[in-house]
Amino acid sequence: FSEIFDAIIQEYHGISADSKHTSDMDASKITGNIDPAAPVHSTRIRVGRSIDGYGLSPGITKQQRIDVEKLMSSALSKLTGDLAGSYYPLTGMDEKVRQQLVDDHFLFVSGDRNLTVAGMERDWPEGRGIFHNAAKTFLLWVNEEDQTRIISMQKGGDVKGVFERLARGIKAVGDSVKAES
């Protein structure tokens, strides 16, 4: 499909055919921030990540989803410092925990028509869960839309601080997953 899609992507983004995507997670390069006096309620940055060797959401098997959850639960248990926290599997979740996660606006739920039609809610809720650090500023959803959805957030407009935590979190989670594999 590259013959068609590459041309569309290049025209839409105004890039040349030989352009390459680069990722730069160096928070020290962020030189500005939102004015602290600005009425910003909160800042959230999130990314999706997939794990090599496992199917993507529409095609992942039940066993692969369970294996991803097992891998992530173990890897997340090894996070340290301000990233350390708790993992909550959706299967068998205590009602008090579920309600607190709903009240915190953290918990993803079943029933999105688009996800259902795409086959991404098969075997709900098995193989899915959520992790958050003690401060509730670093979260990771397992097997919602993506294999992992990594989120950094906090009250106010400190974009640089939120991005710095996200970058550290992505690296720590990646290192932990690699150590588990």
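Calculation criteria
Residues numbered from 1 in each chain as written. Predicted model: local features only at pLDDT ≥ 70, side-chain atom pairs only at ≥ 80, totals over all residues. Heavy atoms only, no water. Patch = residues over 30% accessible without salt bridge, like charges linked within 9 Å, V, L, I, M, F, W, Y side chains within 5 Å. Areas by Shrake-Rupley, 256 points an atom, 1.4 Å probe, with all protein chains shown as cover. Salt bridge = Lys/Arg side-chain N within 4 Å of Asp/Glu carboxyl O. Helix = DSSP H or I, 4+ residues; strand = E, 2+ residues; numbered from the N terminus. Buried < 20%, exposed > 50% of the residue type's maximum accessible area, 1.4 Å probe, protein only. Pairing = 2+ DSSP bridges. Axes fitted to C-alpha atoms, helices over the stretch in contact; angles between N-to-C directions. Contact = heavy atoms within 4.5 Å. Core = buried A, V, L, I, M, F, W, Y, C linked by side-chain atoms within 4.5 Å.

A.B. asks: Lay out a nonpolar patch on the surface with the relevant residues and their values.
C.D. replies: Where nonpolar side chains cluster on the molecular surface, the patch consists of Phe1, Ile4, Phe5, Ile8, Ile9 and Ile15 and spans about 670 Å² of accessible area. Topologically, Phe5 is positioned in helix H1 (residues 2-13). Judged by relative accessible area, Phe5 falls into the partly exposed class, the value being 47%.

A.B. asks: Let's hear about the pairing of strand E4 (residues 138-142): which residues, and what values?
C.D. replies: Most of E4 sits out of view: five of its five residues are buried. Side chains Phe138, Leu140 and Val142 project from E4 onto one buried face, and the interleaved Leu139 and Trp141 project onto a second face that is buried too. Linking two consecutive strands that pair antiparallel, namely strand E3 (residues 129-133) and E4, is a turn of four residues; a positive phi of about 60° is found at Lys136 within it. Pairing analysis gives five bridges linking E4 to strand E5 (residues 148-155), with the strands arranged antiparallel.

A.B. asks: Got a sec to walk through the sheet that holds E5? Specific residues and values, please.
C.D. replies: Reading across the sheet, the five strands line up as E1-E5-E4-E3-E2 and stay open at both edges, with antiparallel pairing between neighbours. Two strands close off the open sheet at either side, each with one partner strand: strand E1 (42-49) and strand E2 (85-89). On average, each strand axis in the sheet is inclined to that of its neighbour by 15°, with strand direction left out of account. Inspection of the sheet shows E1 paired to E5 by eight bridges, in the antiparallel sense. Bridged to Arg49 within E5 is Thr148. Running at roughly 160° to E4, helix H2 (residues 62-76) makes contact with E2, E3, E4 and E5 of the sheet.

A.B. asks: Help me get a handle on the pattern of salt bridges, residues and values and all.
C.D. replies: Taken as a whole, this structure holds 12 salt bridges when the rule is applied. A salt bridge links Glu180 to Lys78; its shortest N-O distance comes to 2.8 Å. Residue Glu180 is located in helix H5 (residues 159-180), and its partner Lys78 is located in the loop between H2 and E2; the two are separated by 102 residues in the primary sequence. Here Lys78 falls in the partly exposed class, since its relative accessible area comes to 48%. Salt-bridge contacts for Asp146 lead to Arg149; the nearest nitrogen and oxygen are separated by 2.8 Å.

A.B. asks: Which residues make up the nonpolar core, and what are the values?
C.D. replies: Burial of nonpolar side chains together is a common tendency in soluble globular proteins. Membership of the largest hydrophobic core comes to 22 residues, with the highest contact counts inside it found for Met72, Leu76, Leu140 and Val173. Mapped onto this core, the elements with two or more residues apiece are H2, E4 and H5. Excluding its chain neighbours within four sequence positions, the residues that come into contact with Val173 are Met72, Leu76, Leu79, Phe138 and Leu140. Membership of the second largest hydrophobic core comes to 11 residues, among which are Leu90, Phe106, Phe108 and Leu139.

Honestly, it's all geometry; don't read function into it.
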